[in-house]
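What follows is the residue order along each chain.
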Amino acid sequence: MIVRFHIDPIEQGHYEYRVSYEGEELYGDAGLDSIEDCIVAATEGLGGDAIGAEVAYKGVISGTYALASLALATEQIAVHALQTTEAIEEAFRQD
């Protein structure tokens, strides 16, 4: 199965995440210090059925990643999620 990581800022410097599958929330947490921390925590909670995850920051999906990529390139995936969301938000402001 491919799950989705929903990551959102909740207050200055703190984030929350939820992990869902086919629209059903599986688990989550709040108060983490970074997008990267959310990805790490979400990945650590996955069971053996998951083969990958879509990463969404503030509702914008930045990519779908295999579990090995999530574990090995967490920082890069977090940066990519932030940059993708910022680019989409900037495009909306220009319209």
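So, a few notes on the structure that sits alongside this text. (Residues numbered from 1 in each chain as written. Predicted model: local features only at pLDDT ≥ 70, side-chain atom pairs only at ≥ 80, totals over all residues. Heavy atoms only, no water.)

Things to note about the overall build of the chain
No. 1: For the chain, the count of helices and strands is three helices and five strands.
No. 2: Scanning the chain from its N terminus toward the C terminus, one meets helices and strands in the order β-β-β-α-β-β-α-α.
No. 3: Against the 2.2 N^0.38 benchmark of 12 Å for 95 residues, the chain shows a C-alpha radius of gyration of 13 Å, consistent with a compact globule.
No. 4: Seen through its principal axes, the chain has C-alpha atoms that stretch 45 × 25 × 25 Å.
No. 5: Split by element, the accessible area of the chain, about 5500 Å² in all, is 49% carbon and sulfur.
No. 6: When the 4 basic and 18 acidic side-chain charges of the chain are each reduced to a single mean position, those positions are 8 Å apart. (Helix = DSSP H or I, 4+ residues; strand = E, 2+ residues; numbered from the N terminus. Rg over C-alpha atoms; globule rule 2.2 N^0.38 Å. Areas by Shrake-Rupley, 256 points an atom, 1.4 Å probe, with all protein chains shown as cover. Lys, Arg positive; Asp, Glu negative; His and termini not counted. Charge placed at Lys NZ, Arg CZ, Asp CG, Glu CD.)

A look at the pairing of strand β3 (residues 24–32)
No. 1: Alignment of strand β2 (residues 14–21) against β3, held across seven bridges, turns out to be antiparallel. Across the sheet, the residue bridging to Tyr 15 is Leu 32, located in β3.
No. 2: The loop that links β2 with its antiparallel partner β3 comprises two residues; one of these, Glu 22, has a positive phi angle of about 50 degrees. (Pairing = 2+ DSSP bridges.)

Observations regarding the pattern of salt bridges
No. 1: By the definition in use, this model includes five salt bridges.
No. 2: We note a salt bridge from Arg 18 to Asp 8, for which the minimum N-O separation is 3.5 Å. Here Asp 8 lies in strand β1 (residues 2–11) and Arg 18 lies in strand β2, a separation of ten residues in the sequence.
No. 3: The partner of Glu 90 in a salt bridge is Arg 93, and the shortest N-O contact between them spans 2.9 Å. Of the two residues, Glu 90 and Arg 93 both sit in helix α3 (residues 74–94), three residues apart, roughly one turn of that helix.
No. 4: Take Glu 90: its relative accessible area is 34%, and that puts it in the partly exposed class.
No. 5: Given a relative accessible area of 56%, Arg 93 falls into the exposed group. (Salt bridge = Lys/Arg side-chain N within 4 Å of Asp/Glu carboxyl O. Buried < 20%, exposed > 50% of the residue type's maximum accessible area, 1.4 Å probe, protein only.)

Re the packing of helix α1 (residues 35–44) against α3
No. 1: At a closest axis distance of 8 Å, the pairing of α1 and α3 adopts a crossing angle of 125 degrees. Here α1 lies oblique to α3, going by the angle between them. For the crossing formed where α1 meets α3, the hand is right-handed. Each of Ile 35, Glu 36, Ile 39 and Val 40 in α1 lies in contact with α3, whose residues at this interface are Thr 74, Glu 75, Ile 77, Ala 78 and Leu 82.
No. 2: Among the residues forming the contact of α1 with α3, the class breakdown is six nonpolar, one polar and two charged. (Axes fitted to C-alpha atoms, helices over the stretch in contact; angles between N-to-C directions. Parallel < 35°, antiparallel > 145°, perpendicular 65-115°, else oblique. Left-handed = near helix turned anticlockwise from the far one by under 90°. Contact = heavy atoms within 4.5 Å. Nonpolar A, V, L, I, M, F, W, Y, C, P; charged D, E, K, R; others polar.)

Structural notes on unusual backbone geometry
No. 1: Here Glu 22, not a glycine, exhibits a phi torsion of approximately 50 degrees, which is positive.
No. 2: With respect to the secondary-structure elements, Glu 22 resides in the loop between β2 and β3.
No. 3: In this structure Glu 22 comes out as exposed when scored by relative accessible area, which is 72%.
No. 4: For Lys 58, which is not glycine, the phi dihedral falls at a positive 55 degrees.
No. 5: Inspection of the secondary structure puts Lys 58 in the loop between β4 (52–57) and β5 (60–66).
No. 6: With a relative accessible area of 37%, Lys 58 lands in the partly exposed category.

Geometric descriptors of this kind do not, in isolation, establish any biological role.
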